[in-house]
Amino acid sequence: MPTYNSPALDKGLDILEFLSAQSVPQSQAEIGTGINRKPNEIYRMLVCLEERGYINKEPISGKYQLTLRLFQLSHHHSSIDYLVKASMPYLEQLSQTINQSCHLSFFYQNKLLIICQAKSMTPISLSVEVGGVFPITQTNSGKIILAHKSEAEREQILKASEEYQALSKKEKTELEKELSALKDLQCFVQKSTLTEGVTDFAAPVYDINNEVMAVLVVSGLTSQLKNVSQDDIINEILKTVDAINVSIGGVPADKE
């Protein structure tokens, strides 16, 4: 196939890819430096991307950041979109019942993607950004997904994980033991590996082929959970998982 150049499209994609890799908004000059172009060379492209809703400019700093436009497009009428619509009523009910925020995590491009969240109505609660991406090996929900993958799939995922490759031999062995123990758990309760003072309750959500398609997670401040029965939280989470499974055409656990 012949190769055709499209400078304007390349420039726009360079900007989007650069901003997606940044944790904070970037100025026009910073974006230009990041993609090896002069700031005045990308001005018209920034204006176009902002008008189309792919990026927005902070009113005070004037710096640019991605919107959720790409996330929305990539999941429009997709399996994720269907899962979110089927799950949200049950997540909202769960959040109201246990007075904790909850969210669904999804395996996406070797990372953990947050696809939806139901926020707690209490004055103080944790919130996870929808569209946020986390390392697969450094989250409790990511470990559940890895535990349910075949040995070949897991090996391929870990081989591509920079976080996993950075672990020592001892840490890798410990992770493998932990994954082996997770496969048979209905709900994994563990301190958050990313945030101090947070306890995660994570339970797998299965598709119609009985494969894990997402993980339902309740992340609560450990200090607040002292006044709540962990057994009650686990029971409500498992009931919610069953309800989601039924809504997407699966079978509840007690009918398997």
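Just so it is clear, the structure is predicted and the values come from calculations on it, not from any experiment.

Here we look at the environment of T193
Among the structural elements, T193 can be located in the loop between β6 (188-191) and β7 (198-206). Sequence separation between T193 and Q138 is 55 residues, and the spatial gap between their C-alpha atoms is 6.1 Å. The contact partners of T193, leaving out residues within four places of it in the chain, are Q138, T139, N140 and K143.

Regarding helix α3 (residues 43-51)
Considered for burial, the residues of α3 that qualify are M45, L46 and L49. Summarising the axial view, the buried residues of α3 lie within an arc of 100 degrees, below the 170-degree limit, and thus occupy one face. Pointing more than 90 degrees away from the buried face of α3 are the exposed residues R44 and E51. Tucked into the core, α3 has its buried residues touching α1 (7-20), α2 (28-34), β1 (55-57) and β2 (64-66).

Considerations on the packing of aromatic side chains
Taken as a whole and assessed by the stated rule, the structure comprises zero aromatic pairs. In this arrangement the basic side chain of R69 is found over the ring face of Y54, its NZ or CZ atom lying 5.6 Å from the centre.

Parameters and conventions
- Residues numbered from 1 in each chain as written.
- Predicted model: local features only at pLDDT ≥ 70, side-chain atom pairs only at ≥ 80, totals over all residues.
- Heavy atoms only, no water.
- Helix = DSSP H or I, 4+ residues; strand = E, 2+ residues; numbered from the N terminus.
- Contact = heavy atoms within 4.5 Å.
- Buried < 20%, exposed > 50% of the residue type's maximum accessible area, 1.4 Å probe, protein only.
- Arc of directions from axis to C-beta.
- Phe/Tyr/Trp six-rings, centres within 6.5 Å; stacked < 30°, edge-to-face > 60°.
- Lys NZ or Arg CZ within 6 Å of the ring centre and 35° of its normal.

As far as function goes, none of this settles anything; it's purely spatial.
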